[in-house]
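Observations on the three-dimensional arrangement
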Amino acid sequence: MAGAPGKRTRSNSRASDERLLQALRLRAQGQENAQIAAQFGTTTGGLRRDLNRIIGADLAESGEPAAQVLRAYPWRGET
């Protein structure tokens, strides 16, 4: 479905989810945001935003202490 001209549309597709999971894997393996963003054809800021949304959802929904959840994202806080 196309969005209005000039408006960004969001995809909630399985393919989009798979790309985000792959981006998380690559980030966890030590690749920098800029490398991953280039590979996926997005911006560094867009990638960072998407990864932060995932981390935020994990924090909100996991039921585990924040410190424990954040151990899964050791790069968080890096610029």
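Residues numbered from 1 in each chain as written. Predicted model: local features only at pLDDT ≥ 70, side-chain atom pairs only at ≥ 80, totals over all residues. Heavy atoms only, no water.

**Digging into the nonpolar core**
Formed by A23, L24, L26, I36, A37, L47, L51, I55, V69, Y73 and W75, the largest nonpolar core amounts to eleven residues. In contact with L26, not counting residues within four places along its chain, are Q31, I36, Q39 and F40. (Core = buried A, V, L, I, M, F, W, Y, C linked by side-chain atoms within 4.5 Å. Buried < 20%, exposed > 50% of the residue type's maximum accessible area, 1.4 Å probe, protein only. Contact = heavy atoms within 4.5 Å.)

**Re the packing of helix α1 (residues 14-28) against helix α2 (residues 33-40)**
The geometry of a pair of packed helices is captured by two quantities: the angle between their axes and the separation between those axes. Where α1 contacts α2, the axes come no closer than 10 Å and their chain directions differ by 150°. Accordingly, the angle class assigned to the pair α1 and α2 is roughly antiparallel. Crossing hand, α1 versus α2: right-handed. In this structure, α1 contributes R19, Q22, A23, L26 and R27 to the contact, and α2 contributes N33, I36, Q39 and F40. Among the residues making up the contact of α1 with α2, the classes are represented as four nonpolar, three polar and two charged. (Axes fitted to C-alpha atoms, helices over the stretch in contact; angles between N-to-C directions. Helix = DSSP H or I, 4+ residues; strand = E, 2+ residues; numbered from the N terminus. Parallel < 35°, antiparallel > 145°, perpendicular 65-115°, else oblique. Left-handed = near helix turned anticlockwise from the far one by under 90°. Nonpolar A, V, L, I, M, F, W, Y, C, P; charged D, E, K, R; others polar.)

**Observations regarding the side chain of R27**
Along the chain, the position of R27 falls in helix α1. You can call R27 buried: its relative accessible area is 4%. Only 2.8 Å separates the side chain of R27 from the backbone oxygen of Q31, close enough to count as a polar contact. (Polar contact = N/O pair within 3.5 Å; in protein donor to acceptor, adjacent residues only side chain to side chain.)

**Description of the pattern of salt bridges**
Under the defined criterion, the tally for this structure stands at two salt bridges. Taking the shortest distance from any N to any O, the salt bridge between R14 and E18 comes out at 3.0 Å. Placement of both R14 and E18 in helix α1 is noted, with a separation of four residues, approximately one turn of the helix. Salt-bridge contacts for R49 lead to D50; the nearest nitrogen and oxygen are separated by 3.0 Å. (Salt bridge = Lys/Arg side-chain N within 4 Å of Asp/Glu carboxyl O.)

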